[in-house]
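Spelled out, the chains give:
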Amino acid sequence: MAASQKRITKELQECMDLPPAGMTISLASDSDLSKWDVVLAGPPGTPYAGGVYSITVTLPAEYPFKAPQVNFATRIYHPNVTNDSLGNICLGLLKPENWKPASRVRAVLEAVRQLLVEPNPEDPLETRIADEYKNNRPEFDKNVKSYVARYAKASK
Amino acid sequence: MDEDPRDIELSTITAIYPELQLDENDPHRLSIELPVSLSKPLTVLFPAVAGAAPLAPAQTAPVVTAAADVDSQALSNLPALQVNITLPNGYPQDKPPNVSISTSPPWLSNDIIRRLETEVVRLWEEIGRDQVIFTYIDDLQRSSDDVFGLVDSKGTLEVTPDHKIALLDYDINAKRKAFEKETFDCGICLDPKKGSVCHKMLDCGHVFCIQCLQDFYNNAITEGDVAAVTCLTPNCAKEREKNAIEESSLKQRKPRTFINPSELLQIPLEQEMVKRYVMLKHKIKLESDKNTAYCPRSWCQGAARSKRHKKPEGFEVVDSDEEEDEDTGLLAICEDCGFAFCTRCDQGWHGEFNYCIPKDRKDAVTEEEKASLEYLRLHSTPCPTCAAPCQKSHGYPSNPYKHFNTQPSGDQNSCYMRLWELEGGDGDDVGIDYEGGDAMRNANVAAGQYGEHLEIVQPRAAQQGQGEPRNEAPPAPVPHREPEAPQPAQPQQPRPERVAVAREGPLVLRIEGGAPAVRDQREGGAHEAGAANPRAPPIANQRGNGGRRGGHRGNRQARGGAEINQHNNRNRGQGAARANNNDARVRQAQVGRNGPQNPDLNPQQEAWIRQFVQLALNDEEDLVEWDSDDD
């Protein structure tokens, strides 16, 4: 696993030096390279703007041969994120059959952010929210904002 | 300025071209290898050898023609020019350098080489007879970009096919050398790696370090995740698919995304691992095909041999996408253990015609099948040799039992007369005339006796007279050679209690065996008559009202076993008298057989029988004098 540690170190270094847009990345604990804490600012121009989302990235021991596990630690109102405390994300890139070892955490995080800009209601985890997104956008936006207000306000 | 200007020039040149080599023996002799590397791949055509035949290979080399069927390859590297330069005494003021150029293989024509060699003189004159080596080498290098003017307007170059292999080899080696010198960032470990420890994916050209590829593929194959054995670049397959669609809309097939086993060996992966990969791929294909049958042997469970999914041999993955329907016969043969089984019932192969119940519903037999099975049980008998259910039905000449009725000739038809061999019988009239039938039940009769005697009613009657109860198992006929039989070779007669039907079989037998060409039905009738008529003279009197004509007709009526069996029904419109007549005859025959009277024929009767049989054989029984009827 030495090779994988090396790769993770490298990726982490890259992400900390030049973080993806709207994110700050840090290790959950200095001694464990496999758990990353990411703070994502809701992308401007979306109903998520203003929200601050905490995302956890867990890299399996087999990383990069196996996909990392990415969860929203902050509750979020989104068709592709489970509306519970687990915050599982449905992201094609992370599906085991689609995961390629040459994919990087950075690309994953960018994809997560892109999911907030452009939800994918065709492959939802929350069908009700997906329907609302497709059919009643104002209501959806309102709900997103109320979730932002309730859960995703930056703690000062 | 005592120094030789040649030495000054050479020291300069060697500084510019470190690959330049000086001759150890002659300090003014140098050689340099100039690679012909092209900035972008050049289409090289190798026209068929036949077209170049009249010219010597060296001269034919790059002649630009448009040939119809040519082999073309895109090459980036052509074999290098080996340039040898000698600087003579008096160079550079008085003499130009001597240059000789060669290539290995000699893919450049002599003309071109001579032109390149003399170029140095022109340059030397052009710069005013001065130091020309650098200028010349530089000029050669530049002119190699368009392969010394040999590339035609279409951007192709023609080379004699003699050098094809060498040129391809050179190109591959040059590319590999260039690749090995390069440095790549492996997308997996993210480390920069020398090309020599990297592998470039053959299909897509992505580069990874060998260590990472080995780790990943070994892991995937060990875990059985064969689908992961593809290029490791995200979306690689998708993008290639997109490109393929853009490039040619005609091609509907998806580009191959899985990695060929031979490439895995190149990376290299362990042979065992690649074997497992091939095996797993085969298994996945079989599993994805719902038609695949598996060997029912619990220790084997191999797949049935299939044309569509051939079992891989070695490292070859047979990738046949043919969607043609396979023959969906029931027979399957395990590709591992060779067991032949039925795909419907999963039992060992039982032949094409045997009825079996599908394995997936052993208990649930549909109404239709139930009816079928019941019918088969009641009305059919399996052929003893091929198990095909057979049903006996009447209907000569379109006889469905030909199979059992045809005498064996040569090596064919071992089922002759064996239709009811394993059967208790479906009536009293079966199994009379061959050894497996009644003879089996009458073990006291030696085999082979049947064919040796002519047996007619009277001897039987005598036998019956010895006290054998009529209704017991049919008594064995006593071998009996009729001394006055008109034809000694005449085959056996049936036992008389079979009435007419029984007598017909042996007659058919005899005819098929090559006896005189008389129609069997008539023959049957004749014998019938012959058997029945011995008592005709005495009967006639008892009948009383039976006129001669009636008696005659009655005999005719008796022709054919079936007719006499159904005597009452078959007297269509012939009048009650004749029906009675028939009845009377049959009764009479039984009386004759059963009764203790009538112990033997009188000589007159015997003579009558002989005459009748003789006439019957000639199909002239109508001419028999029915004098007794007239009495």
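These numbers come from a predicted model, not from an experiment.

Some details on the confidence of the model for chain B
Next up, step 1: In this model, chain B carries an average pLDDT of 67, and 56% of its residues clear a pLDDT of 70 or more.
Next up, step 2: Counting interchain partners and residues more than four positions distant, the pLDDT-below-50 stretch residues 50-68 of chain B has 29 contacts.

What about the pattern of salt bridges?
Next up, step 1: For the coordinates displayed, the defined rule picks out 19 salt bridges over all chains.
Next up, step 2: When the shortest N-O distance is used, the salt bridge between A:R7 and A:E11 registers 2.8 Å. Of the two residues, A:R7 and A:E11 both sit in helix 1 (residues 2-17), 4 residues apart, roughly one turn of that helix. A single burial state applies to A:R7 and to A:E11, both of which are buried.
Next up, step 3: A salt bridge links B:R176 to B:E180; its shortest N-O distance comes to 3.7 Å. Taken as a pair, B:R176 and B:E180 lie in helix 6 (residues 164-181) at a separation of 4 residues, close to a single helical turn.
Next up, step 4: A relative accessible area of 47% means that B:R176 is categorised as partly exposed.
Next up, step 5: The exposure class of B:E180 is partly exposed, given its relative accessible area of 33%.
Next up, step 6: A single network of salt bridges, built from pairs that share partners, joins A:K6, A:K10 and B:D191.

Description of the packing of aromatic side chains
Next up, step 1: In this structure the tally under the stated criterion is 12 aromatic pairs over all chains.
Next up, step 2: A centroid spacing of 6.1 Å and a plane angle of 40° characterise the contact between A:Y63 and A:W99, whose relative ring orientation is tilted. Note that A:Y63 is positioned in the loop between strand 3 (52-58) and strand 4 (69-72) and A:W99 in the loop between strand 4 and helix 2 (105-117), a separation of 36 residues in sequence. We note that A:Y63, like A:W99, is buried.
Next up, step 3: The interplanar angle of 70° and the centroid separation of 5.0 Å between the aromatic rings of A:F65 and B:F216 together place this pair among those described as edge-to-face. Here B:F216 lies in helix 7 (residues 210-223) and A:F65 lies in the loop between strand 3 and strand 4, a pairing that spans two chains.
Next up, step 4: Judged by relative accessible area, which is 17%, A:F65 ranks as buried.
Next up, step 5: Every member of this aromatic cluster is reached through a ring pair, and the members are A:Y77, A:Y133, A:F140, A:Y147 and A:Y151.
Next up, step 6: Above the plane of the ring of A:Y133 lies A:R137, whose end atom (NZ or CZ) is 3.7 Å from the centre.

Things to note about the nonpolar core
Next up, step 1: In this structure, B:L78, B:L81, B:V83 and B:Y136 are the most contacted members of the largest nonpolar core, which totals 41 residues.
Next up, step 2: Going through the elements one at a time, helix 1 (5-16), strand 2 (29-47), strand 3 (70-86), strand 4 (98-103), helix 4 (110-126), helix 5 (133-143) and helix 6 of chain B are the ones with two or more residues in this core.
Next up, step 3: The contacts of B:Y136, once residues within four sequence positions are left out, are B:V83, B:I85, B:V99, B:I101, B:L116, B:E117, B:E119, B:V120 and B:L123.
Next up, step 4: Listed in part, the 39 residues of the second largest apolar core include A:L12, A:L33, A:V70 and A:Y133.

Some details on the side chain of B:N77
Residues and elements named next belong to chain B.
Next up, step 1: Take N77: it is sitting in strand 3.
Next up, step 2: By relative accessible area, N77 is classed as buried at 11%.
Next up, step 3: Within the local environment of N77, its side chain forms a polar contact with the side chain of S37, the two groups lying 3.3 Å apart.
Next up, step 4: Excluding residues within four positions of it along the chain, N77 makes contact with V36, S37, L167, Y170, D171, A174 and K175.

Here we look at the sheet that holds strand 3 of chain A
Across a sheet, paired strands are connected by hydrogen bonds in the backbone, their directions being either parallel or antiparallel.
Residue and element names in this part refer to chain A.
Next up, step 1: Strand order in the open sheet made by the 4 strands is 1-2-3-4, with antiparallel pairing throughout. Among the strands making up the open sheet, the edge pair consists of strand 1 (23-29) and strand 4. Between one strand and the next, the sheet's axes are offset by a mean angle of 25°, whatever the strand orientation.
Next up, step 2: As paired elements, strand 3 and strand 4 share 4 bridges and run antiparallel to each other. By the bridge assignment for strand 4, V57 is matched with V70.

Regarding the interface of chain A and chain B
Next up, step 1: Contacts between the two partners involve 12 residues from chain A, matched on the other side by 17 residues from chain B.
Next up, step 2: The contact between chain A and chain B buries some 1,300 Å² in all, and 60% of this surface belongs to carbon and sulfur atoms.
Next up, step 3: Between the two partners, chain A and chain B, sit 3 salt bridges.
Next up, step 4: Between A:K10 and B:D191 there is a salt bridge, with its nearest N and O atoms 2.2 Å apart.
Next up, step 5: Connecting chain A to chain B are 9 residue pairs in polar contact (both at pLDDT 80 or more).
Next up, step 6: Its residues assigned to classes, the side of chain A that touches chain B comprises 4 nonpolar, 1 polar and 7 charged.

Re the pairing of strand 1 of chain A
Both faces of the sheet carry side chains from a regular strand, because those side chains alternate between them.
Next up, step 1: Here strand 1 of chain A pairs with strand 2 (residues 32-41) of chain A via 6 bridges, running antiparallel. Across the sheet, residue A:L27 finds its bridge partner in strand 2 of chain A, namely A:W36.

A short note on helix 10 (residues 271-288) of chain B
Next up, step 1: In this model helix 10 of chain B runs 26 Å from its N-terminal to its C-terminal C-alpha over 18 residues, within 8% of the 26 Å that 1.5 Å per residue would give.
Next up, step 2: Of the positions making up helix 10 of chain B, those classed as buried are B:M273, B:V274, B:Y277, B:V278, B:L280, B:K281, B:H282 and B:L286.

Quick look at unusual backbone geometry
Next up, step 1: At the junction of A:Y63 and A:P64, the peptide bond is cis and its omega measures out at 5° in the coordinates.
Next up, step 2: Following the sequence through the fold, A:P64 ends up in the loop between strand 3 and strand 4.
Next up, step 3: A cis geometry characterises the amide bond from B:S104 onward to B:P105, with omega recorded as -5°.
Next up, step 4: By secondary structure assignment, the location of B:P105 is in the loop between strand 4 and helix 4.
Next up, step 5: We note that B:R129 has phi near 50°; this positive angle belongs to a residue other than glycine.
Next up, step 6: Owing to a relative accessible area of 38%, B:R129 belongs among the partly exposed residues under this scheme.
Next up, step 7: Residue B:L190 is not a glycine yet carries a positive backbone phi of 65°.
Next up, step 8: Looking at the secondary structure, you find B:L190 in the loop between strand 6 (183-185) and strand 7 (192-194).

Notes on the environment of B:L87
All names here are of chain B.
Next up, step 1: Mapped onto the elements, L87 comes out in the loop between strand 3 and strand 4.
Next up, step 2: C-alpha of L87 to C-alpha of P97: the two residues are 10 residues apart in sequence and 4.8 Å apart in space.
Next up, step 3: Every residue in contact with L87, bar those within four places of it in the chain, is listed here: R6, L10, H28, L30, P97 and I133.

Basis of the calculations
Residues numbered from 1 in each chain as written. Chains lettered and ligands numbered in written order. Predicted model: local features only at pLDDT ≥ 70, side-chain atom pairs only at ≥ 80, totals over all residues. Heavy atoms only, no water. pLDDT = per-residue confidence, 0-100. Contact = heavy atoms within 4.5 Å. Salt bridge = Lys/Arg side-chain N within 4 Å of Asp/Glu carboxyl O. Helix = DSSP H or I, 4+ residues; strand = E, 2+ residues; numbered from the N terminus. Buried < 20%, exposed > 50% of the residue type's maximum accessible area, 1.4 Å probe, protein only. Phe/Tyr/Trp six-rings, centres within 6.5 Å; stacked < 30°, edge-to-face > 60°. Lys NZ or Arg CZ within 6 Å of the ring centre and 35° of its normal. Core = buried A, V, L, I, M, F, W, Y, C linked by side-chain atoms within 4.5 Å. Polar contact = N/O pair within 3.5 Å; in protein donor to acceptor, adjacent residues only side chain to side chain. Pairing = 2+ DSSP bridges. Axes fitted to C-alpha atoms, helices over the stretch in contact; angles between N-to-C directions. Buried area = accessible area lost by both parts, 1.4 Å probe. Nonpolar A, V, L, I, M, F, W, Y, C, P; charged D, E, K, R; others polar. Expected span 1.5 Å × (residues − 1).

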